[in-house]
Amino acid sequence: MHSTSPLVILRVALPVPLRQLFDYIAADTLITAKPGMRVEVPFGRRIMVGVIVELDDKSEYPADKLATLISFPDEGQTVLSNETLGLLKWCWRYYKHAPGEVVFNALPPLLRKIDGRIPPPPTQYKLTAAGDDRLTEPPGRIKAQIRLLDEMRAGPANESQLRSLSSTWRKTLSRLMEQDWVRSEPQQPARLNPLQGPELLDEQQHAVDAIGNTFGSFHCHLLDGITGSGKTEVYLCLLEQVLKQGGQALLLVPEIGLTPQLLSRFKKRLGFEPVVTHSGLSEGRRLKAWAMAKSGLARLVIGTRSALFLPMPDLQLIILDEEHDASFKQQDGFRYSSRDVAVKRAAGLGVPVVLGTATPSLETFNNAANDRYSWHRLRQRATGAAEPGWRVLDLVQQTMSGGISSTAMKAIGQTLDRGEQALVFLNRRGYAPVILCHECGWHAACQRCDANMTWHMATRKLLCHHCDNSARVPDMCPQCGADALQGAGEGTEQLEQILAKAFPATPLLRFDRDTVRRKGEFERLSKQVKSGESCLLVGTQMLAKGHHFPQVTLVVIVNLDQALYSADFRALERMGQLMVQVAGRAGRDKLPGEVILQTHYPQHESLLTLLSSGYEAFAAAICKDRQTACLPPFSYQALLRSDAHDKDQVRAFLNQAKQCFPAGEAVVYGPFPAMMERRSGRTRWYLLAQANTRSPLHRQLDMWVEQLKNLPSARKVRWSVDVDPQDY
Ligand code: ADP
Ligand code: ZN
Ligand code: ZN
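This write-up is about the structure you can find in this document. (Residues numbered from 1 in each chain as written. Chains lettered and ligands numbered in written order. Predicted model: local features only at pLDDT ≥ 70, side-chain atom pairs only at ≥ 80, totals over all residues. Heavy atoms only, no water.)

### Topic: the sheet that holds strand S10 (residues 275-277)
Strand pairing in a sheet relies on backbone hydrogen bonds, with the paired strands running either antiparallel or parallel. One open sheet accounts for seven strands, arranged S10-S11-S9-S12-S13-S8-S14; its pairing is parallel. Of all the strands in the sheet, just S10 and strand S14 (374-378) have a single pairing partner and so form its edges. On average, each strand axis in the sheet is inclined to that of its neighbour by 20°, with strand direction left out of account. Docked against the sheet, helix H8 (residues 231-244) engages strand S8 (219-225), strand S9 (248-252), strand S11 (300-303), strand S12 (315-321), strand S13 (352-357) and S14, running at close to 170° with respect to S12. (Pairing = 2+ DSSP bridges. Helix = DSSP H or I, 4+ residues; strand = E, 2+ residues; numbered from the N terminus. Axes fitted to C-alpha atoms, helices over the stretch in contact; angles between N-to-C directions. Contact = heavy atoms within 4.5 Å.)

Okay, here's the thing in structure tokens:
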């Protein structure tokens, strides 16, 4: 090096699965390198886009071995703030994951690409004087144009407003601009224009006051409110306060919680359109949402898991709705809990975080019980409705038709006769979970997974719900040739048939991933339910989440017995949550509700506690069991997961890995086969590391990962670390 200026080393995160950062030399350009900027750099024979994480004046590699950066694609702009970078750094250390994958996970997909660019500031559109004049004339044949003009009558309109008017809005808009009826200008921040909400109940008011008192400092709140207790109303009051002060707020919801119903409620109450983002949006729209958040134009962002990493310079409040929901944990690649990272982000920013749910996860429950979180209970339904009553049916004493007992059938009939709605819940889609031969016992198993193929009658297919495998339903037994194939057990498709036969005059709506595949279908079905006419709803957990169907007065839970004696220690907790959430759909309005639970184990202790004393007592009881068994949240776990086509290679790797687990308080167990050992043709096993306190576990994990990288057997398998695992 002959340069006289001091050496600037860029430490760069690249989207590769290696647990390291990469050093580059800054080029002589007019742009001063800053952490958070994207860079184009050579990597092997390729050119890649990366993000600067740190600057340094030295490298552990000699300067003549380092490559020089090629360019800054975003000129002087950063894509990550220091705040987000700090959070991501914490994430890759805590979750022991490759830094580049963690950083790239936080970027909108288009900015992960080398030719992706930060979009120009968003624009809004307003009427010119000529456009105003045009509106006074009769519309004539250009109704689409008039509709757009009309939208701008009250003031400038942004793209998302115009998009909602027509699918060809862009073409129409450019016509309007050619005519000089409309002009564009930089978009202004949305103005808060809240509608008066209902008068809060005392419990709601206390929660709003207590949470409001912690604005400006880090504090964790558990908003523990039964279904229909008005949690959303509490969020709205808090959001209004934050937005009034000019702050930004972030509301995270579960994957299927993001319904137009919820959005229109927020829009109506707050008087502006929140920015929405989730992985189902086009890459272009995700980039726009990202840019809106970063510029501060988005005052409120509502999104799923990944929205947690959005740049929001004025972020003052984070809310996680349905905090217990499993979709908050990312289950592949960079495995993280968005609940835990949200708490970390709030701590770093010095702002409160609200975790709302009717059924707290045991982790959150335990934190609240130990006063690490403030616990706000809402125990009354806001509409004044009573909580539904339970009726437990012992299946041993029942005559059944296709999974539904005659008693439940009778109750459904009575509900429909009264002109009300009934909901039948079964968490299994398809016609039957197994198809088998009555002659020889053959059954259809997935060739690639340890799972049966589910029979879907309408599409005449056998589907594996764990991989993409599908096959035609055979006409006769492929093993013995007999014409004796039949389903065993029921799925929602079969329930629908049985109920349609029993109640031929009643409209029947099925909600599951097979029927609600098309966009807008869920909305169409919900609308029909909300119209209030007597009908029957059949569905999976899609029906369990947050929907307000006022005319549903009976809920039948067909079967949750599997969870009662599952090998997974979290199964019971999840069952309790699901039961309470599903039951919460009954009797939400004026009419009283009833829940019928069909079970073979009416004397199961946890079930009895849940039914007689409610979720809080149930959670307290299983918490105690977990404490006795030293299970989370009373211990800390991490898994070393590994998979490959060849089982021997997986076991060889894990056995070697176990040998080099560093000594300390944390102990390593295994190798164990995963609950589903074979999936998509790969054999999956894991080691479990566990300790009673967190820090020794993490110290040992850090040392361990360094050694694992160098194990020769590691090259023959896929492996990853899963900190705070949720499934096994
Ligand atoms: P949750 O989010 O806890 O399920 P919601 O906020 O959706 O509950 O409230 C349930 C219903 O009660 C909604 O229809 C809502 O408009 C209504 N509601 C909420 N708070 C009040 C209140 N203080 N007074 C009257 N109705 C309310
Ligand atoms: Zn057979
Ligand atoms: Zn499969």
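### Considerations on the coordination of the zinc ion (ligand 3)
At 2.2 to 2.4 Å from the zinc ion (ligand 3) lie its protein donor atoms, namely Cys 446 (SG), Cys 449 (SG), Cys 464 (SG) and Cys 467 (SG). Coordination at the zinc ion (ligand 3) comes from four donor atoms whose angles at the metal span 105 to 113°, giving a geometry best classed as tetrahedral. In the primary structure, the donors to the zinc ion (ligand 3) are separated according to the pattern C-x2-C-x14-C-x2-C. With a gap of 21 residues between them, Cys 446 in the loop between strand S19 (434-437) and strand S20 (454-456) and Cys 467 in the loop between strand S21 (461-463) and strand S22 (470-472) connect regions that are remote in the sequence. Looking at Cys 446, the relative accessible area reads 5%, which means it is buried. (Donors = N, O, S within 2.8 Å, 3.2 Å for Na, K, Ca; no water. Tetrahedral: all angles 85-135°; square planar, octahedral: opposite > 155°, others 65-115°. Buried < 20%, exposed > 50% of the residue type's maximum accessible area, 1.4 Å probe, protein only.)

### Focus on the coordination of the zinc ion (ligand 2)
The coordination sphere of the zinc ion (ligand 2) contains the protein donors Cys 437 (SG), Cys 440 (SG), Cys 477 (SG) and Cys 480 (SG), at a distance range of 2.2 to 2.4 Å. Here the zinc ion (ligand 2) is ringed by four donor atoms whose angles at the metal span 107 to 113°, and the overall shape comes out tetrahedral. Going along the chain, you hit the donors of the zinc ion (ligand 2) in the pattern C-x2-C-x36-C-x2-C. Taken together, the residues span a long stretch of sequence, with Cys 437 in strand S19 and Cys 477 in the loop between S22 and strand S23 (485-488) at a distance of 40 residues.

### Details of the environment of Tyr 669
Counting through the fold element by element, Tyr 669 comes out in strand S29 (residues 667-679). Its relative accessible area of 40% is what places Tyr 669 among the partly exposed residues. Separated by 19 residues in sequence, Tyr 669 and Leu 688 place their C-alpha atoms 5.1 Å apart. The contact partners of Tyr 669, leaving out residues within four places of it in the chain, are Lys 658, Leu 687, Leu 688 and Gln 690.

### Quick notes on the nonpolar core
In terms of nonpolar packing, the biggest core is built from 122 residues, with Phe 309, Leu 640 and Trp 704 touching the most fellow members. Among the elements that take part in this core, helix H16 (residues 571-583) stands out by supplying eight residues, more than any other. Setting aside residues up to four positions removed in sequence, Phe 309 forms contacts with Thr 84, Leu 87, Leu 88, Cys 91, Asn 105, Ala 106, Phe 334, Tyr 336, Val 341 and Arg 345. Listed in part, the 29 residues of the second largest apolar core include Ala 207, Val 234, Leu 239 and Leu 317. (Core = buried A, V, L, I, M, F, W, Y, C linked by side-chain atoms within 4.5 Å.)

### Regarding the packing of H16 against helix H18 (residues 615-628)
Axis separation between H16 and H18 bottoms out at 11 Å; the angle between their running directions is 175°. With respect to H18, the element H16 is oriented roughly antiparallel. On H18, the residues touching Leu 572, Glu 573, Gly 576, Gln 577 and Val 580 of H16 are Tyr 615, Phe 618, Ile 622 and Arg 626. Residue classes in the contact of H16 with H18 are distributed as five nonpolar, two polar and two charged. (Parallel < 35°, antiparallel > 145°, perpendicular 65-115°, else oblique. Nonpolar A, V, L, I, M, F, W, Y, C, P; charged D, E, K, R; others polar.)

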